[in-house]
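Structural overview
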Amino acid sequence: MAGILAWFWNERFWLPHNVTWADLKNTDEATFPQAEDLYLAFPLAFCIFMVRLIFERFVAKPCAIALNIQANGPQIAQPNAILEKVFTAITKHPDEKRLEGLSKQLDWDVRSIQRWFRQRCNQEKPSTLRKFCESMWRFSFSLYVFTYGVRFLKKTPWLWNTRHCWYNYPYQPLTTDLHYYYILELSFYWSLMFSQFTDIKRKDFGIMFLHHLVAIFLISFSYVNNMARVGTLVLCLHDSADVLLEAAKMANYAKFQKICDLLFVMFAMVFITTRLGIFPLWVLNTTLFESWEIVGPYPSWWVFNLLLLLIQGLNCFWSYLIVKIACKAISKGKVSKDDRSDIESSSDEEDSEPPGKSPHTATTTNGTSGTNGYLLTGSCSVDD
C-alpha cells in the first residue's frame, strides 16, 4: 500500500519541476491546499442533501402549492393482471396487432387498452409539484453559490488579469474564502452524484453522470496541485447559466408562459456566450498558453487541460441542442410546452375525449437537459 501511495503521489506527476510536497506543507506564514482537505466534502455533501430535503418540504412545496401547482400525480390505471404482465415483461407500447389480440382476450375496445397503457406509463412519472421542488432547490443553491463566487472573485487580481493565476505558482497561499468556495462546490457535486439515483430520472442520465464525475475529478485535481485560482474562474463561469435554467423550469411548471419564454432566451444567450465564447477565449487561453509561458508544462498540467477540453466538448454538445430548440421554437412562433420542459401530458385530458374522437398518443418529451450544466436530447426540452 505504501508503494501504491508513493506511486500515486509522485511529485514528478503532480508538481512542476524542482517542487516537492514538502515545499507545500502548511506553515505559520502560509496555508496551502492539502489532499486531506477533500475529505471535508463528504460530511458536507450529506449536510447539503439533508438541507435539500428540509428545503423542498418546508419551503419549495408551500411555494408550489401557493402557485396552484398540482400535488397529485397522473391518474392511476385500473388494476389488470394481463395488461400489467404485457407492460412489465413485453412492451410498454404495444403495436396494432398486439392491441387487437388483447382486445379480443379482454373483451375491451382498442381505445380503452390504449388509454390503459397511457395511464400506466404516466403513472410512473413524477408530479409537477415534485419537479418544481427539485428545480427550486437547484435554483436557490445555484443562486447562492454563484453570488458568493462573484463577490469573492471581484476582489481577486486573477479575475481581472488571468496571468495572476500562474504568478508564483504553486506557492500561492490558500485563503479562507477560496477554501470555502472550493469545498462547497465539491460537496454539492458529491451530493448530486448520490441524489441523482433518487432524483427524477431523465434520458440524459448517462451524460450527466459523466459530467458530475468529470466535475468532481477536476475540482479535486485542481485543488491538490493548487490550480485553485483558475479553478474558481471555471466554477463561477459554469454556474452563471444554471440559475436562469432552473428559473425557466420553475416558470414552466407554474404555467407562466411569457416569463418562461423570456428566461429561456436569457439562459440560451448566457449559456452560449459563456461556454462557447468566454470559456475558450478566456479560461482555456490562460490554462493552455499563459500557464505554458509562465510555469511550463508538466504531467498533471496535461491532464488538467485534457479535462477542461472534455468539459468544452460537453459544452459544445449542449449548445448544439439549445440552438436546435431555438430553431424549433422560431419555426413554431413560440417555445412550446414540450420544448421547454420534460412535463408529460396527462392522460386525464385524453381520457376526457368524446368517444367518437380518434385517440392520440400521450405527448412526452424524448429528451432532457442538464447544466451543472444540464440540457436536452431527443425532442429537445430544457429540463434537467
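Residues numbered from 1 in each chain as written. Predicted model: local features only at pLDDT ≥ 70, side-chain atom pairs only at ≥ 80, totals over all residues. Heavy atoms only, no water.

Looking at an unreviewed UniProt entry, one finds the protein named sphingosine N-acyltransferase, with Ailuropoda melanoleuca as its source organism.

Quick look at the overall build of the protein
Worth spelling out the cut-off: Going along the chain from the N terminus, every DSSP run of H or I of four or more residues is numbered as a helix, and every run of E of two or more is numbered as a strand. Buried, partly exposed and exposed residues are distinguished by accessible area as a fraction of the type maximum, computed with a 1.4 Å probe on protein chains only: under 20%, between the cut-offs, and over 50%, respectively. In short, Shrake-Rupley with a 1.4 Å probe defines the accessible areas, and a residue's cover is counted only from the protein chains shown.
Each helix and strand in the protein was counted, giving 16 helices and two strands. Put simply, the protein has 384 residues, and 51% of those count as buried. Summing over all exposed atoms, the protein offers an accessible surface of approximately 18,600 Å²; the carbon and sulfur share of this is 65%.

Remarks on the packing of helix H4 (residues 81-90) against helix H5 (residues 96-106)
Stated precisely, the cut-off is as follows: Note on geometry: axes are C-alpha line fits, over the in-contact stretch for helices, and angles between N-to-C directions span 0 to 180 degrees. Any angle between 65 and 115 degrees counts as roughly perpendicular, while under 35 counts as roughly parallel, over 145 as roughly antiparallel, and the rest as oblique. Only heavy atoms enter the contact rule, under which two residues are in contact if any of them lie within 4.5 Å. Under this grouping Gly is polar, as are all residues other than the nonpolar Ala, Val, Leu, Ile, Met, Phe, Trp, Tyr, Cys and Pro and the charged Asp, Glu, Lys and Arg.
The contact between H4 and H5 brings their axes to 11 Å, and the two run at 155 degrees. By the angle between their axes, H4 is roughly antiparallel relative to H5. Facing H4, whose interface residues are Ile-82, Leu-83, Val-86 and Ile-90, H5 presents Arg-98, Leu-102, Gln-105 and Leu-106. Each residue belonging to the contact of H4 with H5 can be placed in one class, and the counts come to six nonpolar, one polar and one charged.

Side note on the side chain of Thr-156
Note the cut-off: Residues adjacent in sequence count toward polar contacts only when both atoms are side-chain atoms; beyond that, a polar contact is any pair of N or O atoms within 3.5 Å, and within protein one must be able to donate a hydrogen and the other to accept it.
The topology assignment puts Thr-156 in the loop between helix H7 (128-153) and helix H8 (157-160). Under the relative-accessibility criterion, Thr-156 is labelled buried at 6%. Separated by 2.6 Å, the side chain of Thr-156 and the backbone oxygen of Leu-153 make a polar contact.

Describing helix H12 (residues 242-253)
Helical periodicity: at 3.6 residues per turn, an α-helix aligns residues three or four positions apart in one direction. Heads up, the condition is: Expected span, for any helix, means 1.5 Å times one less than how many residues it has.
Over its 12 residues, H12 runs 17 Å from end to end, which matches the ideal 16 Å to within 8%, given 1.5 Å per residue. Counting buried positions along H12 gives 12 out of 12 residues, so the element sits mostly inside the fold. Just downstream of H12 lies Lys-255, where phi reads positive at about 65 degrees.

Re the packing of aromatic side chains
Here is the rule we go by: Only centres within 6.5 Å qualify two rings of Phe, Tyr or Trp (six-membered ring in Trp) as a pair; their planes then separate them into stacked at under 30 degrees, edge-to-face at over 60, and tilted for everything else.
Following the criterion strictly, the structure yields 29 aromatic pairs and no others. A centroid spacing of 6.2 Å and a plane angle of 55 degrees characterise the contact between Phe-152 and Tyr-181, whose relative ring orientation is tilted. Of this pair, Phe-152 sits in helix H7 while Tyr-181 sits in helix H9 (residues 176-195), placing them 29 residues apart in sequence. A residue is classified by how much of its surface remains accessible, and Phe-152, at 6% relative accessible area, is buried. Arranged with centres 6.0 Å apart and planes meeting at 90 degrees, the rings of Trp-292 and Trp-302 form a pair that is edge-to-face. On the criterion of sequence distance, the pair formed by Trp-292 in helix H13 (residues 257-294) and Trp-302 in helix H14 (residues 299-332) is long-range, its members being 10 residues apart.

Some words on the pattern of salt bridges
Which entries qualify depends on this criterion: Salt-bridge detection follows one rule: a side-chain nitrogen of Lys or Arg within 4 Å of a carboxyl oxygen of Asp or Glu.
Considering all chains together, one arrives at seven salt bridges under this definition. Between Arg-163 and Glu-293 there is a salt bridge, with its nearest N and O atoms 3.0 Å apart. With Arg-163 in the loop between H8 and H9 and Glu-293 in helix H13, the pair connects residues that are 130 residues apart, well separated along the chain. One salt bridge in this structure joins Lys-249 and Glu-246, with 3.1 Å as the shortest N-O distance. Taken together, the residues span about one helical turn, with Lys-249 and Glu-246 both in helix H12 at a distance of three residues. Glu-246 shares its class with Lys-249; the two are buried. Put simply, Arg-52, Glu-56, Glu-134 and Arg-138 are held in one network by salt bridges that share partners.

Regarding the packing of H4 against helix H6 (residues 110-123)
As a reminder of what qualifies: Each crossing is labelled by how the near helix is turned from the far one, with a counterclockwise turn of less than a right angle marking it left-handed and a clockwise turn marking it right-handed.
Contact pair H4 / H6: the axes reach a minimum separation of 11 Å and the direction vectors enclose 55 degrees. Classified by the angle between their axes, H4 and H6 sit oblique to one another. H6 is crossed by H4, and the crossing has right-handed handedness. In this structure, H4 contributes Leu-83, Glu-84, Val-86 and Phe-87 to the contact, and H6 contributes Ile-113, Trp-116, Phe-117, Arg-120 and Cys-121. Of the residues that constitute the contact of H4 with H6, the class distribution is seven nonpolar, no polar and two charged.

Concerning a nonpolar patch on the surface
Keep this limit in mind: To count toward a patch, a residue needs a relative accessible area over 30% and no salt bridge; like charges are then connected within 9 Å, while nonpolar side chains (Val, Leu, Ile, Met, Phe, Trp, Tyr) are connected within 5 Å.
On the surface, a cluster of nonpolar side chains totalling about 630 Å² of accessible area is made up of Met-1, Ile-4, Leu-5, Trp-7 and Phe-8. Residue position: Trp-7 is located in helix H1 (residues 2-8). Judged by its relative accessible area of 65%, Trp-7 is exposed.

Regarding the environment of Thr-273
Structurally, Thr-273 is set in helix H13. By relative accessible area, which is 45% here, Thr-273 ends up partly exposed. Considered as a pair, Thr-273 and Ser-319 are 46 residues apart in the sequence and their alpha carbons are 9.8 Å apart.

A closer look at the environment of Asp-37
Position of Asp-37 relative to the elements: it lies in the loop between helix H2 (11-14) and helix H3 (41-66). Note: C-alpha distance between Asp-37 and His-179 (142 residues apart in sequence) is 9.0 Å. Only 2.7 Å separates the side chain of Asp-37 from the side chain of Tyr-223, close enough to count as a polar contact.

Quick notes on the confidence of the model for the protein
Detailed conclusions should not be drawn from predicted coordinates in areas where pLDDT is low. To keep things clear, this is the line we draw: Scored between 0 and 100, pLDDT is the confidence that the predictor attaches to each residue.
Across the protein, the average pLDDT comes to 84, with 85% of residues at 70 or higher. For the stretch residues 336-384, pLDDT sits under 50, and the model shows 177 contacts to residues farther than four places along the chain or on other chains.

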